[in-house]
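One-letter residues, chain by chain:
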Amino acid sequence: MSFVNINWYIALAFCLVFFIGGRQLAEVPGIAPRARRATGFLLLLFALPALLFPAAYLLDPVAGAPWYNAFRAVNRVELLSALIAPVAGYATYRRPSAFGHAAGYGQGAASAGQYRFDAGGAAPVARVLKPVAFPCCVLLSSVSFARPMLRPLDKNADFDSRWADGILMQSIASDSGPAALMSVMHRLNGFEDDERAAVEGTYTDRAGTEFWYLARYAADKGYRYRFFRAADAAGAPVPSVARVSLGALDPLGAEFYIALLARAKDGTLTVGDPARGLLELSPEAFAARYRFPGLALAVSTPKRAGAV
């Protein structure tokens, strides 16, 4: 089963409209070359946010940065991926040739030869890029939405919403993210939701859950959130959701989510592990069990109206 973000369809529609708009803008006759270059530069700046979306899958420092996860957690922000389309359409344009009109050729000759790429000797490059420009825009716009389709969950997966000591136990290997988040929200004010609904609401796939979708789900349920970077778990806020691995216990280094629920004065952490349940771990025991890369999602309830 695939829980596909519906914003993908909107992004594809925007991509088509923006690409056509870029091509139409480029083909307006009578614009000076300097103005065309300035327009192209502005469209390129306009497209820069779209380049942030594949960055998470190419650069680990970006994927683990609080600012990036906060950016991606904004509702519908992935629609900005379609901003690559206007500059792609503009860059592959063909415009009216000044030579065809200046020479006073007949209508037939003008229609046959009046369009060319606005870069002199770059015409062969344009001929190569033109047919692949729009497919590349579609591909780039789809990067943020592709995981659930490429790695769908087992259609026979059974979600039993099983709680133990206030911890939601994960029903499948890849839904530790929703389970850990639900454990944190339950700790805050007793919140409970159907496990399958949480998995669907966070677009979980066979590889797991994107951190920013957890934040978005929490916000949708009325919670506040903030991403933090900490040197170790002792500096991480509580309650929060943290992405960890088993370190030396797992040579493959597969990451999953746990809930950091409370911290005692002596540093002992109360941990909600969706696979193991409620744990009380000293800082040394935590470090021996988990490898904490440093990013945590702190969750809190909104202040009541009139509260100081």
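The present account deals with the structure reproduced in this document. (Residues numbered from 1 in each chain as written. Predicted model: local features only at pLDDT ≥ 70, side-chain atom pairs only at ≥ 80, totals over all residues. Heavy atoms only, no water.)

1. What to know about the sheet that holds strand β7 (residues 255-263)
- Taken together, six strands build an open sheet; the order of strands is β5-β10-β6-β7-β8-β9 and the sheet is antiparallel. In this open sheet, the two edge strands, each paired with only one partner strand, are β5 (224-229) and β9 (277-281). Going across the sheet, the axis of each strand differs from the next one's by a mean of 30°, ignoring polarity.
- Two strands pair when backbone bridges link them, and β7 and strand β8 (residues 269-273) are joined in this way by four bridges, in the antiparallel orientation. Residue pairing across strands places Ala 262 opposite Thr 270, the latter belonging to β8.
- Along the sheet, helix α11 (residues 176-189) makes contact with β6 (240-245), β7, β8 and β10 (295-300), crossing β7 at roughly 15°. (Pairing = 2+ DSSP bridges. Helix = DSSP H or I, 4+ residues; strand = E, 2+ residues; numbered from the N terminus. Axes fitted to C-alpha atoms, helices over the stretch in contact; angles between N-to-C directions. Contact = heavy atoms within 4.5 Å.)

2. Some remarks on the environment of Leu 150
- In this fold, Leu 150 is placed in helix α10 (residues 147-150).
- On the basis of relative accessible area, Leu 150 is assigned to the exposed category, the value being 64%.
- Between the C-alpha atoms of Leu 150 and Ala 207, which are 57 residues apart in sequence, the distance is 9.8 Å. (Buried < 20%, exposed > 50% of the residue type's maximum accessible area, 1.4 Å probe, protein only.)

3. Structural notes on the nonpolar core
- Judged by nonpolar contacts, the single largest core of 44 residues is most densely connected at Leu 181, Met 185, Phe 211, Val 241 and Leu 297.
- It is helix α13 (residues 211-220) that provides the largest number of residues to this core, a total of seven residues.
- Residues within four places of Val 241 in sequence aside, it is in contact with Ala 180, Leu 181, Val 184, Phe 211, Leu 214, Tyr 257, Ile 258, Leu 295, Ala 296 and Leu 297.
- By size, the runner-up hydrophobic cluster in this structure holds 17 residues, among which are Ala 233, Ala 236, Phe 256 and Ile 258. (Core = buried A, V, L, I, M, F, W, Y, C linked by side-chain atoms within 4.5 Å.)

4. Regarding unusual backbone geometry
- With omega at -5°, the peptide bond leading from Val 238 into Pro 239 counts as cis.
- Among the secondary structure elements, Pro 239 is positioned in the loop between β5 and β6.
- For Ser 161, which is not glycine, the phi dihedral falls at a positive 50°.
- Locating Ser 161 in the fold gives a position in the loop between α10 and β3 (162-164).

5. Some words on the pattern of salt bridges
- Going through the model one piece at a time under the given rule, you end up with nine salt bridges.
- Arg 147 is the salt-bridge partner of Glu 210, the closest N and O atoms lying 3.5 Å from each other. In this pair, Glu 210 is assigned in the loop between α12 (195-201) and α13 and Arg 147 in helix α10, connecting sequence segments 63 residues apart.
- We note a salt bridge from Arg 243 to Glu 255, for which the minimum N-O separation is 3.5 Å. Taken as a pair, Arg 243 in strand β6 and Glu 255 in strand β7 lie far apart in primary sequence, 12 residues in all.
- By relative accessible area, Arg 243 is classed as partly exposed at 21%.
- The class of Glu 255 is partly exposed, set by a relative accessible area of 39%. (Salt bridge = Lys/Arg side-chain N within 4 Å of Asp/Glu carboxyl O.)

No statement about biological role is implied by the geometric values presented.
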